[in-house]
Amino acid sequence: MDKSSDFYSRVYELVRCIPAGKVTTYGIIAEFLGSKGSSRMVGWALNAVIDRIDIPCHRVVNRLGELSGKMHFDHPMQMKDRLLEENITFIGETVDLSKHLWKPDDSFNDLI
DNA sequence: CGGGTGACTTTAC
DNA sequence: CGTAAAGCCACCC
């Protein structure tokens, strides 16, 4: 596999590898990609692929577990609904990161 | 190259 | 809890 040099492509591959029942944050993704400060671009990249079912953009939340991108879905509830389907536990409108936080190097390592 | 933009993050009030 | 401001960086024009 060609190692995607594009920041966007890396985001897509990374997000695509998020296991069900787990979530990650924009900051972690950006940091793993080597650009900690580009956390905003992570969401920007996901916005371009929100139509692609291959990429579970609903598993990406901000550092507090808040569904910051829910309003970009067809319906805001769609994001939370999908997470609930994967046994994600919520604290109000916030994901319980202490139980569901996932980090790339878990099994990613040399995939990218 | 420069300016605008943003699903972030942190600090402050 | 809320809003405000600044820092951050890749992408687009």
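Residues numbered from 1 in each chain as written. Chains lettered and ligands numbered in written order. Predicted model: local features only at pLDDT ≥ 70, side-chain atom pairs only at ≥ 80, totals over all residues. Heavy atoms only, no water.

**Some thoughts on the overall build of chain A**
- On a plain count of helices and strands, chain A comes out with five helices and four strands.
- Counting all 112 residues of chain A, 40% fall into the buried class.
- Within chain A, residue pairs in contact and separated by at least 24 positions form 63% of the contacts whose partners lie at least 6 positions apart.
- When the accessible surface of chain A is summed, it comes to about 6,900 Å², and 49% of that surface belongs to carbon and sulfur atoms. (Helix = DSSP H or I, 4+ residues; strand = E, 2+ residues; numbered from the N terminus. Buried < 20%, exposed > 50% of the residue type's maximum accessible area, 1.4 Å probe, protein only. Contact = heavy atoms within 4.5 Å. Areas by Shrake-Rupley, 256 points an atom, 1.4 Å probe, with all protein chains shown as cover.)

**A look at the packing of aromatic side chains**
- Counting across every chain of the model gives one aromatic pair.
- Between Y8 and Y12 the ring centres are 6.2 Å apart and the planes differ by 70°, which places this aromatic pair in the edge-to-face class. Here Y12 and Y8 lie together in helix 1 (residues 7-16), a separation of four residues that amounts to about one turn.
- The residue whose ring lies beneath K80 is F90, and the NZ or CZ to ring-centre distance is 5.2 Å. (Phe/Tyr/Trp six-rings, centres within 6.5 Å; stacked < 30°, edge-to-face > 60°. Lys NZ or Arg CZ within 6 Å of the ring centre and 35° of its normal.)

**A closer look at the protein's contact with DNA strand B**
- Looking at DNA strand B, there are 16 residues lining it, with Y26, R40, M41, N62 and R63 nearest.
- Protein-adjacent atoms of DNA strand B, using a 4 Å cutoff, are sugar or phosphate at a proportion of 49%.
- A distance of 3.1 Å separates a base nitrogen of DNA strand B from a polar atom in the backbone of G43.
- Separating a base nitrogen of DNA strand B from a backbone N or O atom of L46 is a distance of 3.3 Å.
- At the level of elements, helix 2 (26-32) and helix 3 (39-48) are the ones that each hand at least two residues to the surface near DNA strand B.
- The element best represented in the surface near DNA strand B is helix 3, accounting for seven residues.
- Broken down by class, the residue content of the surface near DNA strand B amounts to six nonpolar, eight polar and two charged. (Near = heavy atom within 4 Å. Polar contact = N/O pair within 3.5 Å; in protein donor to acceptor, adjacent residues only side chain to side chain. Nonpolar A, V, L, I, M, F, W, Y, C, P; charged D, E, K, R; others polar.)

**Observations concerning the state of the cysteines**
- This structure, assessed with the given rule, holds zero disulfides.
- C57 supplies the cysteine sulfur nearest to C17, a cysteine that is in no disulfide, at a spacing of 15 Å.
- Classification of C17 by relative accessible area gives partly exposed; the value is 33%. (Disulfide = S-S within 2.5 Å.)

**A look at the pattern of salt bridges**
- Taken as a whole and judged by the stated rule, the model has three salt bridges.
- Across the salt bridge formed by K99 and D96, the nearest N and O atoms sit 3.9 Å from each other.
- Here D96 falls in the buried class, since its relative accessible area comes to 12%. (Salt bridge = Lys/Arg side-chain N within 4 Å of Asp/Glu carboxyl O.)

**Some details on the protein's contact with DNA strand C**
- Neighbouring DNA strand C are F7, Y8, S35, G37, S38, R40 and M41.
- Counting only the atoms of DNA strand C within 4 Å of the protein, the fraction contributed by sugar and phosphate is 62%.
- A distance of 3.1 Å separates a phosphate oxygen of DNA strand C from a polar atom in the side chain of S35.
- Every element with two or more residues in the surface near DNA strand C is listed here: helix 1 and helix 3.

On their own, these measurements won't tell you what the molecule is for.
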